[in-house]
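One letter stands for each residue in the lines below.
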Amino acid sequence: MDDNTGIKILTIDDEPYIRDSVKSFLEDYGFEVIEAGDGRQGLEAFQLQKPDLVLCDLRMPEMDGLEVLGAVTERSPETPIIVVSGAGNIGDTVQALRLGAWDYIIKPIQDMNVLYHSVNKGLERARLIREKNKYQKDLEDANTRLQASLDDLKRTRDQLVQSEKMAALGGLVAGVAHEINTPIGVGVTAASFLQTKTEELQKLYDADELKRSNLEIYLSTIDEVARSILINMERAAELISSFKQVAVDQSSEEKRFFNLKDYIGEVLLSLRPRYKKTGHGIEVNCSGDLEIFSYPGAYSQIVGNLVINSLVHGFEGVDKGKMIFDISRKDKTVMFVYRDTGVGMTEEQISKVFDPFYTTKRGKGGTGLGMSIVFNLVTQTLEGTIQCKSTSGKGVEFTMKLPA
Ligand SMILES: Nc1ncnc2c1ncn2[C@@H]1O[C@H](COP(=O)(O)OP(=O)(O)OP(=O)(O)O)[C@@H](O)[C@H]1O
Ligand SMILES: [Mg+2]
């Protein structure tokens, strides 16, 4: 026999003998049965006892079955309610089913097994509904938690991207300082040399010892030194203006027209301190008249990451490495291919190179964000595609297709 201990059934019927027979039958099966003699009492018992299932007559004094049914289904739609009604009340029964009754039994109950079957079916269905609701709630909860951690991740990623940008900008500033140091230094030396020579001349003049030959030497010195100052100051001004553009582009997200070859040249200039003394070389194959309307800041970050990666990863233990940009335009697409002649990558590295935080230099300065930022810039900002090919020992090749 099924174990029905602890399961409460409320039977609401104004005919005591029906209640009695239902009660003793169900109690034989281990159910706990509560009785109510009319609709009002029934509803009270329902609220007080919270039964697992309700059996309800339709025609009753005080409050009829349909009213009880309405109240029960409204308060607790998950409680099964089975209508028990006389054979003559088919219309009411149909109405009850429409109002939310789960099943009906015709009185007088000829075969008690029909009652047992209906009760069991109702309880089983209620159990399934509870389970389904629980799963659904669990799922919703899990979903909410997932959404929250996703939001968290997105925030963290944005912060990291931001700090990566700042780091790149910092690197750029260091590069500027370094590059400009030389021409400024030469300028300062030349100017102070000029000052010394002028003081010497002044002394001769004051002592009335100035000879024509002194003046001639002085004049030719001035010419040479002034020329040197000019060249170096011009070089510094040129460096500053190209750095300025790259820096502005790197920190802003504006779209503009620019000449791709010139722009890459400027970006590479800002990277010069990083590779100048390494013996590695860069080659840019790109037509001088390739003008595009796009985001220069994105290009500068992409170029920067590719070059730095070749220097840091590709050329580890390699002399005279080469970095090659092959850029061409095909209709409305810029074919942007970057290659290096470094150590290359393994299959595993290739498959993970765009994953955020994937790095083979953890703890040695790598965060593993560089190529994932490149991936996002290419696919989202520039709306293009990027692919990576490599043979271990033979360098890497990144192919980008970017809308011009
Ligand atoms: N040119 C390359 N040659 C060989 N391996 C490379 C090259 N470029 C990238 N890799 C590999 O891909 C990994 C991921 O590159 P990514 O730029 O995303 O991170 P990272 O350079 O390690 O760190 P970060 O750029 O954040 O400082 C590198 O750690 C390296 O193993
Ligand atoms: Mg990197």
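What counts and what doesn't
- Residues numbered from 1 in each chain as written.
- Chains lettered and ligands numbered in written order.
- Predicted model: local features only at pLDDT ≥ 70, side-chain atom pairs only at ≥ 80, totals over all residues.
- Pairing = 2+ DSSP bridges.
- Helix = DSSP H or I, 4+ residues; strand = E, 2+ residues; numbered from the N terminus.
- Axes fitted to C-alpha atoms, helices over the stretch in contact; angles between N-to-C directions.
- Contact = placed C-beta atoms within 7 Å.
- Buried ≥ 20, exposed ≤ 12 C-beta atoms within 10 Å, placed from the backbone.
- Arc of directions from axis to C-beta.
- Core = buried A, V, L, I, M, F, W, Y, C linked by C-beta atoms within 7 Å.
- Near = placed C-beta within 6 Å.
- Nonpolar A, V, L, I, M, F, W, Y, C, P; charged D, E, K, R; others polar.
- Domains from an automatic or database assignment.
- Parallel < 35°, antiparallel > 145°, perpendicular 65-115°, else oblique.

Considering the pairing of strand E9 (residues 322-330)
Pairing of strand E7 (residues 281-286) with E9, which is carried by six bridges, proceeds in the parallel orientation. Counterpart to Glu283 in the pairing with E9 is Ile324. Here E9 folds back onto strand E10 (residues 333-340), and the loop between the two strands holds two residues, one of which, Asp331, carries a positive phi near 55°.

As for the environment of Ala87
Its place among the elements puts Ala87 in the loop between strand E4 (81-86) and helix H4 (90-99). Here the alpha-carbon distance between Ala87 and Ile105, two residues 18 residues apart in the chain, equals 9.2 Å.

A look at the sheet that holds strand E11 (residues 385-390)
Across the sheet, five strands lie side by side as E7-E9-E10-E12-E11; this open sheet has mixed pairing. A strand with exactly one partner marks an edge of an open sheet, and here the two such strands are E7 and E11. Shown here is a sheet whose adjacent strand axes are inclined to one another by a mean of 15°, direction ignored. Here helix H8 (residues 296-314) sits on the sheet in contact with E9, E10 and strand E12 (396-403), set at roughly 20° to E10. Along the sheet, helix H10 (residues 370-381) makes contact with E11 and E12, crossing E11 at roughly 140°.

Overview of helix H2 (residues 39-49)
Regarding H2, the residues found buried are Gly39, Gly42, Leu43 and Phe46. Looking straight down H2, one finds its buried side chains confined to an arc of 95°; they lie on one side. Those residues of H2 that are exposed and aimed more than 90 degrees away from the buried face are Glu44 and Leu48. On the buried face of H2, the contacting elements are strand E1 (8-12), strand E2 (32-36), strand E3 (53-57) and helix H3 (65-75). Just downstream of H2, Lys50 is the residue with a positive phi angle, here 45°.

A word on the nonpolar core
Counting 33 residues, the largest nonpolar core has Ile264, Ile302, Val303, Leu377 and Val378 as the members making the most contacts within it. Apart from the residues lying within four places of it in its own chain, the contact partners of Ile264 are Val284, Cys286, Val303 and Phe325. Val22, Leu55, Leu66 and Ala101 belong to the second largest nonpolar core, which has 27 residues in total.

Quick notes on the site of ligand 1
Taken together, 24 residues lie near ligand 1, and Gly314, Thr359, Gly366, Gly370 and Met371 sit nearest. Put simply, the parts of the chain that give the shell around ligand 1 at least two residues each are H8 and H10. Examining the composition of the shell around ligand 1, we find that six residues originate from one element, H8, more than from any other. For the shell around ligand 1, a count of residues per class yields eight nonpolar, 14 polar and two charged.

A short note on the domain arrangement of the protein
Looking at the assigned domains, one finds that the protein contains domain 1 (8-110) and domain 2 (252-403). Each of domain 1 and domain 2 was reduced to a C-alpha centroid, and the two centroids are 77 Å apart.

Observations concerning the environment of Phe25
Relative to the helices and strands, Phe25 resides in helix H1 (residues 16-28). Phe25 sits in the partly exposed class, given 17 other C-beta atoms within 10 Å. Along the primary structure Phe25 and Leu115 are separated by 90 residues, whereas in three dimensions their C-alpha atoms are 9.3 Å apart.

A short note on the packing of H3 against H4
Any two packed helices are characterised by how steeply their axes cross, that is the angle between the axes, and by the distance between the axes. Close contact between H3 and H4 brings their axes to 10 Å; oriented N to C, the two are set at 10°. Taken together, the axes of H3 and H4 lie roughly parallel to each other. Packed against H3, whose contacting residues are Gly65, Leu66, Leu69, Gly70 and Thr73, the element H4 presents Asp92, Gln95, Ala96 and Leu99 at the interface. Here the contact of H3 with H4 is built from residues that sort into four nonpolar, four polar and one charged.

Some thoughts on the sheet that holds E3
Paired through their backbone hydrogen bonds, the strands of a sheet run either parallel or antiparallel. Taken in spatial order, the five strands of this open sheet run E2-E1-E3-E4-E5, and their pairing is parallel. With partners counted over all chains shown, the strands left at the sheet margins are E2 and strand E5 (103-107), one partner each. Strand-to-strand twist across the sheet, computed as the mean angle between neighbouring axes with direction ignored, equals 20°. The pairing of E1 with E2 spans five bridges and is parallel. Pairing of Ile9 across the sheet is with Val33, part of E2. Lying over the sheet, H1 contacts E1, E2, E3 and E5, oriented at roughly 170° with respect to E2. With respect to the sheet, H2 is in contact with E1, E2 and E3, its orientation differing from that of E1 by roughly 165°.

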